[in-house]
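# Structural overview
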Amino acid sequence: MSDVLTAEAAPAVTPALPRNETYYKLKADMEDFLYAEADLLDNRQFRDWLNLLADDITYFMPIRRNVKFGQHAQRENTVQGSGISWFDEDKWTLSKRVDQILTGVHYAEEPLSRVCHMVSNVQVLRVTPSLDEPREVEVRCRFLVYQNRIEYETYTFVGKRTDLIRKTQHGWKIARREILLDQNVLLAKNLSTFF
């Protein structure tokens with residue numbers, strides 16, 4: 001049996017962007033944006049976080065399944081808009097989740113959790129229309145989210161995110177976020193945190 005993955009299982013390869021001053025400046029801007037976003041969430045500044053989201057945001061976290069070798073590309077993740085997922089949300093539903101938390105009587109967030117977002121391995125995948133004039137930037141990163149509730153409840157979420165970050169007159173905004181949680185059974189009692 002060959003150790004080489006089949007073409008259908010191999011990840012898509014994006015042509016490399018030129019590694020020049022413009023690229024590294026944009027990459028640093030994307031990293032700073034993601035780190036600032038993590039600070040807003042960790043500091044419970046949920047309304048300010050909502051302001052980083054485009055009005056037409058798609059916020060999606062599929063459920064991951066255990067599948068046979070060779071079927072990962074087609075069957076491991078549930079499909080957006082079809083079947084079930086952990087999250088398949090827009091700005092309105094995210095705003096309602098924030099409203100619920102900020103009532104002070106949310107059953108899973110009273111008292112509020114202590115949360116720490118760690119973001120790493122930031123990669124710029126695609127820039128449109130060009131590196132010199134970026135209007136949309138597709139960025140992939142790894143994350144670790146630590147959540148502590150009450151006294152003894154602790155949860156750790158690890159995974160990958162792919163974001164489409166759009167330049168607007170009000171600064172960078174997240175237009176699409178796909179979150180891949182690296183587990184298929186949720187070990188936490190709830191998913192009240194934002195990724």
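Anyway, here's the lowdown on the structure attached to this text. (Residues numbered from 1 in each chain as written. Predicted model: local features only at pLDDT ≥ 70, side-chain atom pairs only at ≥ 80, totals over all residues. Heavy atoms only, no water.)

### Some details on the packing of aromatic side chains
The condition that has to hold: Only centres within 6.5 Å qualify two rings of Phe, Tyr or Trp (six-membered ring in Trp) as a pair; their planes then separate them into stacked at under 30 degrees, edge-to-face at over 60, and tilted for everything else. Each helix is a run of DSSP H or I of at least 4 residues and each strand a run of E of at least 2, with the numbering of both proceeding from the N terminus. Categorising residues by exposure relies on relative accessible area from a 1.4 Å probe, with only protein chains included: less than 20% of the type maximum marks a residue as buried, more than 50% marks it as exposed, and the intermediate range marks it as partly exposed. For a Lys NZ or an Arg CZ to count as sitting over a ring, it must be within 6 Å of the ring centre and within 35 degrees of the ring normal.
Considering all chains together, one arrives at eight aromatic pairs under this definition. Arranged with centres 5.9 Å apart and planes meeting at 55°, the rings of F46 and F194 form a pair that is tilted. Of the two residues, F46 is situated in helix α2 (residues 46-50) and F194 in the segment after β6 (171-181); the sequence distance between them amounts to 148 residues. Of the two residues, F46 and F194, neither departs from the other in class, the shared state being buried. Every member of this aromatic cluster is reached through a ring pair, and the members are F46, W49, Y59, F87, F143, F157, F194 and F195. The positively charged end of R19 is found above the aromatic ring belonging to Y23, 4.3 Å away from the centroid.

### Digging into the side chain of R97
Where we set the bar: Every residue pair with non-hydrogen atoms within 4.5 Å of one another is taken to be in contact.
Within the secondary structure, R97 sits in helix α4 (residues 91-101). In this structure, R97 is in contact with Y59, F87, E89, L191, S192, T193 and F194, ignoring residues within four places of it in sequence.

### Quick notes on unusual backbone geometry
The omega torsion of the bond from T128 to P129 falls at -5°, within 30 degrees of zero and hence cis. On the secondary structure map, P129 appears in strand β3 (residues 114-129). Although it is not a glycine, R44 adopts a positive phi angle of roughly 60°. Its relative accessible area of 36% is what places R44 among the partly exposed residues. At N121, a position not held by glycine, the phi torsion is positive, near 50°. Tracing the backbone through its elements, the reader meets N121 in strand β3.

### Let's talk about the pairing of β6
Heads up, the condition is: Pairing between two strands requires that DSSP report at least two bridges joining them.
Counting buried positions along β6 yields eight of eleven residues, so the element is predominantly enclosed. Relative to β6, strand β1 (residues 53-62) is paired through four bridges, and the arrangement is parallel. In the sheet register, T58 faces β6, and the bridge partner there is R176. Alignment of strand β5 (residues 153-168) against β6, held across ten bridges, turns out to be antiparallel.

### Considerations on the pairing of strand β4 (residues 134-149)
Within a regular strand, the side chains alternate between the two sheet faces. Pairing geometry for β3 and β4, over 13 bridges, is antiparallel. Bridged to M118 within β4 is L144. Here β3 hands over to β4 after four residues, the two strands then running antiparallel side by side. Pairing geometry for β4 and β5, over 14 bridges, is antiparallel. When the sheet's bridge partners are listed, Y146 is paired in β5 with T156. The antiparallel hairpin formed by β4 and β5 contains three residues in its connecting segment, where I150 sits at a positive phi of about 50°.

All quantities given are derived from atomic positions and should not be read as evidence of function.
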